[in-house]
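What the coordinates show
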Amino acid sequence: MQYKSPKGVFDILPYEAKTDNVWRQSDRWLYLENIIRECTRNYGYKEIRTPIFETADLFVRSSGETSDIISKEMYTFVDKANRPLALRPEGTAAVIRSFIENHLYQTSGLHKYFYIGPMFRYERPQAGRYRQHHQFGAEAIGIGSPEQDVETIELLYYLYKKLGLSNLRVLINTVGDCSTRQAYKHALREYLSPHFNSLSEDSQIRFERNILRILDSKDPGDQKILEKAPTILNFLSEKSSKHFERVQELLKKQNILFKVDPKLVRGLDYYNETVFEILSEKLGAQNTIGAGGRYDGLIQSLGGPSLPSVGFATGLERLLQIMEEQKVAFPQAVGPLLFLIPLGKVALNTCFDYLCRLRHQGFYVEMDFSEKKIQYGFQMASSLNASYVAVIGDQELSSGYLQIKNLSTRESKTLPFTDLEKHLKGLL
Ligand code: HAM
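Residues numbered from 1 in each chain as written. Predicted model: local features only at pLDDT ≥ 70, side-chain atom pairs only at ≥ 80, totals over all residues. Heavy atoms only, no water.

Moving on, we come to the sheet that holds strand β2 (residues 53-55). Across the sheet, three strands lie side by side as β2-β4-β3; this open sheet has antiparallel pairing. At either margin of the open sheet sits one strand with a lone partner, and together these are β2 and β3 (76-78). Taken pair by pair, the neighbouring strands of this sheet meet at an average axis angle of 35°, ignoring direction. Pairing between β2 and strand β4 (residues 84-87): three bridges, direction antiparallel. Following the sheet pairing, Glu54 is matched in β4 by Ala86. Along the sheet face, helix α2 (residues 56-63) touches β2, β3 and β4 and points at about 75° away from the line of β2. (Pairing = 2+ DSSP bridges. Helix = DSSP H or I, 4+ residues; strand = E, 2+ residues; numbered from the N terminus. Axes fitted to C-alpha atoms, helices over the stretch in contact; angles between N-to-C directions. Contact = heavy atoms within 4.5 Å.)

The structure is reproduced here in structure tokens:
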């Protein structure tokens, strides 16, 4: 019996034959992760790694029972001791759990953390949407000022720019503080009540349980009704209004083009004040590449100290797909500097010694172990994209000289074995 991977997940492979799946090549993932690490270092974010499963209730409490992530998409299970657990659907709650549990708030310095890892959501798979996807996320804890919001947005935007992306759309909104939301929810309820019977089934449920989420509805009928709905921007408290204005001012100063979308509320319950999404014009329905916002009440609601926080997450699959779509250049995969082809048993031993020694000295060297014909070695060398080849047999061993052949120019150079290391250094 041949097994297949479960629906909605995929392998990341060293070599992917199908051209429409080049985003699954592991060297592209490595390149992306390296750029992310470079950016996070410059912005002062430190890596945090949390388990891929947590107590299910952690996510219910933080994202909200009525959110799609919790009510429809979470992978939950009980372990052998009947503990209710969940594969993490997102990273923020896990980071905050860890922050509280490990008393990180007692450490000095800035509390800025990033993570790269898999998340799990039982969604209908399609391009850009998977049941296991990977996120790079960043969370800045402890600072409530608009500068911190913009540092976060700017980091995400800068990463996209550094990766070479274009045609990005930055959408921002504020969901205000508690008093803002209370006043706005009341007004929205008043407005939507007469339309209740015309709302989609999902929105009717949201009307009772979490009315703000109706703004997120993709249903055309709902959207028509929402056209004339009151906007949250008219209900902002003075504090929320000032905060949001300053965010916009700072974004403008940094030349980040953005649009205020008063219907942007995000699908998770923990947000307050600034929320944002960065979209690519192209990716079709799944065009949100990264998103986040402020969540000042979350830490306290999970049993920690009262500390404001803001963060984002971006999907690595979507990022790699849009990089591919926009024909962003990836670094060429580098082949071995030297490929050794031994002829005979004695040469095999000598070459193996050189192989180990040169690798320890920092060179990328490969060797043909097969003891097949010399042509086979050359084929392997060129399929690996080696730069130089050395064929070593009895004659080379007795003379103490070997020939190094440049595979692209076909030129050869003869040198003593004792000069090999020095010569390779000169080739780098
Ligand atoms: P989110 O918007 O649910 O936010 O997810 C963040 C990003 O993950 C999305 O913009 C998208 O690129 C990617 N993503 C989500 N679901 C899938 C999927 N099924 N397949 C492929 N990619 C996906 C959060 O998760 C929040 N924790 C962000 C945050 C951090 N807010 C504050 N701090």
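Past the structure itself, the notes keep going.
Positive phi, normally seen in glycine, also occurs at His103, with a value near 50°. The residue His103 is located in the loop between α4 (92-101) and β5 (111-120) in this model. On the accessibility criterion, His103 (40% relative accessible area) is partly exposed. (Buried < 20%, exposed > 50% of the residue type's maximum accessible area, 1.4 Å probe, protein only.)

This part is about the site of the ligand. Around the ligand, the surrounding shell holds 26 residues, and the nearest of these are Glu90, Glu123, Glu139, Tyr271 and Ile289. Between Glu139 and the ligand, the recorded distance is 2.8 Å, taken from a side-chain N or O atom to a nitrogen atom. Here Phe312 contributes a backbone N or O atom positioned 3.3 Å from a nitrogen atom of the ligand. Protein chains bury 96% of the 660 Å² of accessible surface belonging to the ligand in isolation. Among the secondary structure elements, those contributing two or more residues to the shell around the ligand are β6 (132-141), β10 (288-294) and β11 (309-315). Broken down by element, the shell around the ligand gets its largest block of residues, six residues, from β10. Residues belonging to the shell around the ligand are distributed by class as follows: nine nonpolar, 10 polar and seven charged. (Near = heavy atom within 4 Å. Polar contact = N/O pair within 3.5 Å; in protein donor to acceptor, adjacent residues only side chain to side chain. Areas by Shrake-Rupley, 256 points an atom, 1.4 Å probe, with all protein chains shown as cover. Nonpolar A, V, L, I, M, F, W, Y, C, P; charged D, E, K, R; others polar.)

Looking now at the packing of helix α5 (residues 146-162) against helix α9 (residues 238-253). Two elements in contact, α5 and α9, have axes whose closest approach is 9 Å; the angle formed by their N-to-C orientations is 45°. Here α5 is positioned oblique relative to α9, judged by the angle of their axes. Of the two possible hands of crossing, α5 and α9 adopt the one that is right-handed. From α5, Pro146, Glu147, Asp149, Val150 and Ile153 reach across to α9, where they touch His243, Arg246, Val247, Leu250 and Leu251. The class makeup of the residues in the contact of α5 with α9 is six nonpolar, one polar and three charged. (Parallel < 35°, antiparallel > 145°, perpendicular 65-115°, else oblique. Left-handed = near helix turned anticlockwise from the far one by under 90°.)

Here the structure, examined in full by the defined rule, presents 18 aromatic pairs. A centroid spacing of 6.0 Å and a plane angle of 40° characterise the contact between Tyr43 and Tyr158, whose relative ring orientation is tilted. Here Tyr43 is found in the loop between α1 (26-42) and β1 (46-47), whereas its partner Tyr158 is found in helix α5, with 115 residues between them in sequence. With relative accessibility at 16%, the residue Tyr43 sits in the buried group. An aromatic cluster is built from Phe10, Trp23, Trp29 and Tyr130, whose rings are joined through pairwise contacts. (Phe/Tyr/Trp six-rings, centres within 6.5 Å; stacked < 30°, edge-to-face > 60°.)

With that settled, consider the sheet that holds strand β15 (residues 401-406). Pairing within the open sheet is mixed, and its five strands lie in the order β13-β12-β14-β15-β16. Only two strands of the sheet have a single neighbouring strand rather than two, namely β13 (365-367) and β16 (412-416). Each strand of the sheet is rotated relative to its neighbour by a mean of 25°, with strand direction disregarded. In this sheet, β13 lies alongside strand β12 (residues 338-342) in parallel orientation, the contact comprising three bridges. Bridge assignment links Leu338 to a residue of β13, and that residue is Val365.

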